[in-house]
Amino acid sequence: MKYLTTFVLGVFLCLGAWHTVFAEEQLVIAGTGDSQVLLRKMAVLFEKEYSSVDVVIPDSVGSGGGIKALVKGSCDLARTARPLKPKESTHGFSQISFAISPIVFVSHSSLTGVENITMEQVIAIYQGKISNWKDLGGDDHKIYPVDREPGDSSRKVLEKKLITTTQTFKDVESVGKIFLTTPETVDAISINPYTFGFLPLSTALEKELFIFSLDNVSPLHSSDTTESYPLFTTLYLVKPEKVSKATESFLTFIRGDAVKKMLFSSGVTPIE
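Let me sum up the structure you'll find in this document. These numbers were taken from a predicted model, which means no experiment stands behind them.

For the chain, the helix and strand inventory stands at 11 helices and 12 strands. Within the chain, the fraction of its 272 residues that count as buried is 46%. In the chain, the share of contacts with a sequence separation of at least 24, taken over all contacts with a separation of at least 6, comes to 74%. With an accessible surface of roughly 13,900 Å², the chain has 55% of that area assigned to carbon and sulfur atoms.

Right, dumping it as structure tokens:
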């Protein structure tokens, strides 16, 4: 009888554990790589207060990919780094801005001899006119430019705002190797010395990459980042008309002090 009681109790506890696992609600947020690092940090903070919710932040599928996943119902929220397109707005989605993120120029952490870069030099690097780090004050070594595909959110910021007296980044026929996602881009730069590319500041900080000042203006966080540093993008979450309680709780939570503190420490400016 004693062993039977122990067995029954063991089965009960086991079933209770399985019930806890299956009772856990999942919140999936798919989309751009520009906010991937930030959303994963938010997820950790959120789960500390809402332990019954498992927040999943998949690897980047781009802003458009996040919207498509939301249309299909395979995610609860989409993360984007651009406004909704007219066609995307027809689904009854709402877009919520939560942060302003600098787009920064970066290199491998081992880079020495160069701290600042100008807009003219950036364009020259991607044109192939500047191809050696010694021309910028660094080592005598070839520069390996890393680029993003046309339509990428960060690249669009450069095309719109990286302008010199003679040309714009949009006019450049790039010699850079093209990568299709933010994780692929950051891996290429963090693994390979003498690379040069652009990334969201939060990602560059997390990977401890070398971050350049642009025209002698540092992109590192200050209260007037958007006024002084010229390259930045707005980060959004997109929600459907009907959302779960867990989703509502998450959207409320990201406006709280804990998330604001995390965003500031990650180099981005929270949006109230």
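Along the polypeptide, Leu 158 turns up in helix H6 (residues 153-161). Sequence separation of Leu 158 and Phe 232 is 74 residues, and the distance between their C-alpha atoms is 9.0 Å. Here Leu 158 is in contact with Ile 103, Phe 105, Phe 169, Phe 198 and Leu 231, once residues within four sequence places are set aside.

The next thing to look at is helix H10 (residues 245-253). Looking only at H10, the buried set comprises Ala 246, Thr 247, Phe 250, Leu 251 and Phe 253. Looking straight down H10, one finds that the buried residues subtend no more than 160 degrees of arc, so they occupy a single side. When the buried face of H10 is taken as reference, the exposed residues oriented beyond 90 degrees from it are Lys 245 and Thr 252.

One pass over the structure, following the stated rule, counts 14 aromatic pairs. Arranged with centres 6.3 Å apart and planes meeting at 65 degrees, the rings of Trp 133 and Phe 196 form a pair that is edge-to-face. With a gap of 63 residues between them, Trp 133 in the loop between helix H5 (119-127) and strand E6 (144-148) and Phe 196 in strand E8 (residues 195-200) connect regions that are remote in the sequence. Of the two residues, Trp 133 and Phe 196, both sit in the buried class. Centroid distance Trp 133 to Phe 212: 6.2 Å. Interplanar angle 5 degrees. Geometry classified as stacked. Remark: Phe 212 occurs in the loop between strand E9 (210-211) and strand E10 (213-214) and Trp 133 occurs in the loop between H5 and E6; sequence separation between them is 79 residues. Among the residues examined, Trp 133 registers a relative accessible area of 0% and is labelled buried. On the basis of relative accessible area, Phe 212 is assigned to the buried category, the value being 1%. Within the aromatic cluster, the residues linked to one another by ring pairs are Phe 105, Tyr 126, Trp 133, Phe 169, Phe 196, Phe 198, Phe 210 and Phe 212. The ring of Phe 232 has Lys 161 lying over it, and the distance from NZ or CZ to the ring centre is 3.8 Å.

Once that is clear, we can look at the pattern of salt bridges. In this structure the tally under the stated criterion is 6 salt bridges. Across the pair Glu 149 and Arg 148 runs a salt bridge, and its minimum N-O distance is 3.3 Å. The shortest N-O distance in the salt bridge between Asp 152 and Arg 148 comes to 3.1 Å. Both residues of the pair, Asp 152 and Arg 148, count as buried. Via salt bridges that share partners, Asp 147, Arg 155 and Glu 159 belong to a single interconnected network.

Rules of the game
- Per-chain numbering applies: the sequence of each chain, read as written, is numbered from 1 onward.
- For a predicted model such as this one, the threshold for reporting local features is a pLDDT of at least 70, and the threshold for listing and counting side-chain atom pairs is 80 or more; totals across whole chains, interfaces and linings nevertheless cover every residue.
- Water and hydrogen atoms were dropped before computing side-chain values, which therefore reflect all heavy atoms in the structure.
- In DSSP terms, a helix is any run of H or I states spanning at least four residues, a strand is any run of E spanning at least two, and both are numbered starting from the N terminus.
- Burial here depends on accessible area, computed with a 1.4 Å probe over protein chains only, as a share of the maximum for the residue type. Under 20% is buried, over 50% is exposed, and the range in between is partly exposed.
- The contact rule is simple, with two residues in contact once any of their heavy atoms fall within 4.5 Å.
- For the accessible areas, the method is Shrake-Rupley and the probe is 1.4 Å, while residue cover comes only from the protein chains on display.
- Taken from the helix axis, the directions to the C-beta atoms give the arc we talk about.
- Aromatic pairing here means that ring centres of Phe, Tyr or Trp (its six-membered ring) are within 6.5 Å. Orientation follows from the plane angle: under 30 degrees is stacked, over 60 is edge-to-face, and everything else is tilted.
- The rule for a charge over a ring is simple: NZ of Lys or CZ of Arg within 6 Å of the ring centre, and within 35 degrees of the ring normal.
- Salt bridges are defined by distance alone: a side-chain nitrogen of Lys or Arg within 4 Å of a carboxyl oxygen of Asp or Glu.

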